[in-house]
Amino acid sequence: MVERILEKFAVITAAAVGIYMLAVSMRLGPGVGGDAVIYITSAKNLLAGNGLGLVNPAGDFRLLPYFPPFYPLFLAFFGLLGFSIAKIAGILNIVLFTLTIILIGLWIKRTTKNTVASFLGSLLLACSPILIPAYSWAMSEPLCIFLGTTGLILFDRYLEYHTPRSLIGSAICCGLSFLTRYSAAAYIAMGGIFLLCFQKQELKKRISSAFQFGLISIFPMILWLVYDLQKTATVASRSMMQSTDFNAEMTRFNEQMKSVFLQWLIPDSWIENPVYPAWINEILYVLVILLPLVSLLYGIFRNLRKRSSVPEQWIPRMDNMLLILSGFYFIYWIVIFGVSVMTFPPITIGPRMFTPIHVAFLWLLAILFAWIDMALKKKPYLRVISMILLFGFTAFYGLRAIRIAHQNAIDGLGYHAVRWKESDVVDYLRENVPQDQLIVTNEETALLFLMNRTSWPMHEVYVQEPDPDFYHYETGPVKATDFGRAAFQRGEALLVVFDSFEDQMQGIYGENTKTRISTLLENLQVVFDGDDGTIYQLNQDS
């Protein structure tokens, strides 16, 4: 009894560390950027009776673009109860992070019977320098990961007891995770493949359970996609690319993945400028791929063998989790690769995008530690070495996470950052520009969040290829969809250009960026010149 209390106390202690990290990181508020503004504003518009989506300056409604609906619906529910949606997003992140840590920690203990693995696995999650930044933003990953994690645990429980309610519960959780982020389809794919290929039942029952799991999981998404297609004629406001150079895309994706995976093990600064021989980074990159791959192959091998041939000390449930986690790892990777190379607009490949499999990786690491600890039962000195290595890696993680949380607490995140709260341009707009004045800007989500003010975007920021004609903003040709620039040329709108414009254009024009910007803004009349940007109007004398 005392031992069980201590086991739970260890996991709760790890969760408390995670709570502290997030509380420090979000001292000035949860991070709110472009995507988060879409979530928050969509939830507010739903509560205001406008629908789940955005309203442009002309008053036209657009259904929630790019994302599935469950996260903004989740936020709207708490908004309905009277909470500030932006503030409750940060609180929900802490709650979801805590529950995820506790669930995984307790399930590691149940799966491996190893208290140290349970504690260190929980602590790795709580101190992750990847998860702390991701959970500090008002984004959908925390809800997606919690639902997906719950789905995996219920799925594992079904494999042990074959209770229909566990399978149905897993399907519902995986389905809601999918309804939170499209990439969470990997949770459903993993469950379906496992049920068909590795379940210890006759083929007819395997097909039946896989069909039941899949149908329940995708049903909510089918309803949303039907509605989305009716309203927008696209899926998630994305379209298929007409032509794709798979070799080039694979190379690009591999380089992006390399950076993401290395950040799981080392600080970002060590990727470009390592404090050790550069070839070590190549080994670390291979390690992040090889460890789940070996786990996947080993899990398949163990699962296909008869249980009677498994050594007594082997815990059968451990090989199920090896297979579930490593299988999910690679299925998720395939899903992201497919979306990245085949759809437009392109998705952002970064650490946040891969947080679901980062969680799976740390979970897998704890299980593998327990397996090694059991395999080395007769070699205590090797067990101690493996424990020291995992403790050291956890401590290294903790130091990285503390630095990140501390810096976030000082600078703030997204539009809660100090630089945005002290923006000269935003202050001028608040005090001097009427609410009905049309605005065109390169930071429309900033104005929407900070001032609750809609604006037209500068289309120059969103082009795929550099424009060969370096036209002037006030006289150049206007595309039919560029409503903001058309309004500016009629003298009906102000142009608000924040200093971030140069960085936004750099990726398009490279060394010609300064020339392109100076040509674009030439001859415009300056209304206000602040520390963080400039406001222009049409020069009536030109």
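Attention here is on the structure that accompanies the text. (Residues numbered from 1 in each chain as written. Predicted model: local features only at pLDDT ≥ 70, side-chain atom pairs only at ≥ 80, totals over all residues. Heavy atoms only, no water.)

Taking 1.5 Å per residue as the helical rise, helix α8 (residues 164-178) with its 15 residues ought to reach 21 Å, and the 21 Å between its terminal C-alpha atoms agrees with that figure. S166, L167, G169, S170, A171, C173, C174, G175, S177 and F178 are the residues of α8 that are buried. (Helix = DSSP H or I, 4+ residues; strand = E, 2+ residues; numbered from the N terminus. Expected span 1.5 Å × (residues − 1). Buried < 20%, exposed > 50% of the residue type's maximum accessible area, 1.4 Å probe, protein only.)

Time to look at the side chain of R206. Take R206: it is sitting in helix α10 (residues 203-232). For the buried R206, which has no salt bridge, the nearest side chain bearing the opposite charge is E202, at an N-O separation of 8.9 Å. Setting aside residues up to four positions removed in sequence, R206 forms contacts with L195, L196, C197, Q199 and Q201. (Lys, Arg positive; Asp, Glu negative; His and termini not counted. Salt bridge = Lys/Arg side-chain N within 4 Å of Asp/Glu carboxyl O. Contact = heavy atoms within 4.5 Å.)

A few words now on the side chain of S136. Mapping S136 onto the fold places it in the loop between α6 (131-135) and α7 (141-161). S136 sits in the buried class, given a relative accessible area of 0%. In terms of polar contacts, S136 uses its side chain to reach the backbone carbonyl oxygen of I132, at 2.6 Å. Not counting the four nearest positions on each side in its chain, S136 is found in contact with L22, S25, M26, P30, G31, N93, N408 and L413. (Polar contact = N/O pair within 3.5 Å; in protein donor to acceptor, adjacent residues only side chain to side chain.)

Another point: the sheet that holds strand β9 (residues 533-537). A sheet is described by the order of its strands in space; here 5 strands give the open sequence β6-β5-β7-β9-β8, paired in mixed fashion. Taken across any chain shown, the strands that pair with only one partner, and hence form the sheet edges, are β6 (456-457) and β8 (525-530). As defined by bridge partners, strand β7 (residues 493-498) adjoins β9 across 4 bridges and the pair is classed as antiparallel. Bridge pairing links V496 to I535 in β9. (Pairing = 2+ DSSP bridges.)

Further remarks concern the packing of helix α2 (residues 34-47) against helix α19 (residues 444-451). Relative orientation of the contacting elements α2 and α19 amounts to 45°, with a least axis distance of 9 Å. Put simply, α2 runs oblique to α19. Relative to α19, the crossing made by α2 is left-handed. The segment α2 lies against α19, with G34, V37, I40 and T41 engaging T445, L448 and F449. Along the lines of polarity and charge, the residues of the contact of α2 with α19 split into 4 nonpolar, 3 polar and no charged. (Axes fitted to C-alpha atoms, helices over the stretch in contact; angles between N-to-C directions. Parallel < 35°, antiparallel > 145°, perpendicular 65-115°, else oblique. Left-handed = near helix turned anticlockwise from the far one by under 90°. Nonpolar A, V, L, I, M, F, W, Y, C, P; charged D, E, K, R; others polar.)

As a further point, take unusual backbone geometry. Even without being glycine, N452 reaches a positive phi, approximately 55°. Here N523, not a glycine, exhibits a phi torsion of approximately 75°, which is positive. Counting through the fold element by element, N523 comes out in the loop between α22 (513-521) and β8.

On to the pairing of β9. Across the 5 residues of β9, 4 count as buried, placing the element largely inside the fold. Between β8 and β9, which follow one another and run antiparallel, lie 2 residues.

A few words now on the nonpolar core. Counting residues in hydrophobic clusters, the biggest one holds 144 residues, and the most contacted among them are L75, F261, W264, F354, W363 and L429. With sequence-adjacent residues up to four places away left out, W264 is seen in contact with I130, V288, Y329, F354, I357, H358, F361, F393, Y397 and R400. Judged by nonpolar contacts, the second largest core, of 21 residues, contains W456, M458, M505 and I517. (Core = buried A, V, L, I, M, F, W, Y, C linked by side-chain atoms within 4.5 Å.)

Before going further, it helps to spend a moment on the packing of aromatic side chains. We describe a pair of aromatic rings using the distance from one ring centre to the other and the angle between the two ring planes. Under the definition given, this model contains 36 aromatic pairs. Aromatic side chains Y39 and Y71 sit 5.0 Å apart centroid to centroid with 90° between the ring planes, which places their arrangement in the edge-to-face category. Here Y71 lies in helix α3 (residues 70-80) and Y39 lies in helix α2, a separation of 32 residues in the sequence. Neither residue differs from the other here; Y39 and Y71 are each classed as buried. (Phe/Tyr/Trp six-rings, centres within 6.5 Å; stacked < 30°, edge-to-face > 60°.)

In the structure shown here, the tally under the stated rule is 9 salt bridges. For the salt bridge of E141 with R352, the shortest nitrogen-to-oxygen distance reads 2.6 Å. Note that E141 is positioned in helix α7 and R352 in the loop between β4 (343-344) and α15 (355-375), a separation of 211 residues in sequence. The salt bridge involving K514 is made with E502; its shortest N-O contact spans 2.9 Å. Of this pair, K514 sits in helix α22 while E502 sits in helix α21 (residues 501-509), placing them 12 residues apart in sequence. You can call K514 exposed: its relative accessible area is 58%. You can call E502 partly exposed: its relative accessible area is 31%. Through salt bridges with shared partners, a single ionic network connects D35, E141, R181 and R352.

Nonpolar side chains collect at one region of the surface, where V286, L290, L293, V294 and L297 lie side by side and expose about 420 Å² of accessible area between them. Residue classification places L293 among the partly exposed positions, given a relative accessible area of 33%. (Patch = residues over 30% accessible without salt bridge, like charges linked within 9 Å, V, L, I, M, F, W, Y side chains within 5 Å. Areas by Shrake-Rupley, 256 points an atom, 1.4 Å probe, with all protein chains shown as cover.)

No statement about biological role is implied by the geometric values presented.
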